[in-house]
Amino acid sequence: MFNPIPFSVRMRAAGFVFDKHVRSMNVYDKWVPKGTTVADRKAKAAKVDQTIDILARFVSKWSLSRRSRHRESRWSHRGPNWGDLMWEAEQAETNKLVTMDEHTYSALRRAQIAEYKAVGRDILPLIRSWSHINSLRDEFARKTTLNAVQLAQVWAEVAPKVHNKQRPAQVRRNRFAMDSDSE
């Protein structure tokens, strides 16, 4: 029986597309389901290849970093790093000087000046070397004062609430009252 609707219209209505890149002598074989053309398959393969490339780069970077971490861990077990030890000792000394009270700090500095004068050395480089510690002490004092002021403000707001022995009055609700929403 003859169908007046053209073959290509029926195939498109059924969800097929014509793929001219299919190698076949038969015209019917060139009609393939949508999404399975040669170009679609190449695009999917390109996405898969791109994903594989990204994963391969990730694995190579990860293995390189793992190897370097392993190498560093082997080196670190060989002995102490004197640079790190000296830096930590210097930081500990600086923290001790910064947090020291003013009387002890002044006594320490006077003793150092006396030692320098006793051996006849110039005290000017010594005093210049203290400028860094003095600036750190000033910053520490400023932050300590600021924290004390903030703590006093917070305590002024919280203290009346903490020491108030009166309890707030209970809000009493009539369970049986009719609300405007209820019917």
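Here's a quick rundown of the structure. (Residues numbered from 1 in each chain as written. Predicted model: local features only at pLDDT ≥ 70, side-chain atom pairs only at ≥ 80, totals over all residues. Heavy atoms only, no water.)

It is worth spelling out the overall build of the protein chain at this point. A tally of regular secondary structure across the protein chain gives six helices and two strands. Going residue by residue from the N terminus, the α and β elements of the protein chain occur as α-β-β-α-α-α-α-α. Buried residues in the protein chain amount to 11% of all 183 residues. Contacts in the protein chain between residues at least 24 apart in sequence constitute 25% of all its contacts with a sequence separation of at least 6. Surface summary for the protein chain: the accessible area is close to 16,500 Å², and the carbon and sulfur share equals 59%. (Helix = DSSP H or I, 4+ residues; strand = E, 2+ residues; numbered from the N terminus. Buried < 20%, exposed > 50% of the residue type's maximum accessible area, 1.4 Å probe, protein only. Contact = heavy atoms within 4.5 Å. Areas by Shrake-Rupley, 256 points an atom, 1.4 Å probe, with all protein chains shown as cover.)

Turning to the packing of aromatic side chains, a few remarks are in order. Using the criterion set out here, one finds two aromatic pairs in the structure. Here the aromatic rings of Phe7 and Trp31 are separated by 6.2 Å at their centres, their planes lie at 90 degrees, and the arrangement is edge-to-face. With Phe7 in helix α1 (residues 7-13) and Trp31 in strand β2 (residues 31-33), this residue pair connects regions lying 24 residues apart in the sequence. Among the residues examined, Trp31 registers a relative accessible area of 10% and is labelled buried. (Phe/Tyr/Trp six-rings, centres within 6.5 Å; stacked < 30°, edge-to-face > 60°.)

Shape descriptors only; they carry no functional weight alone.
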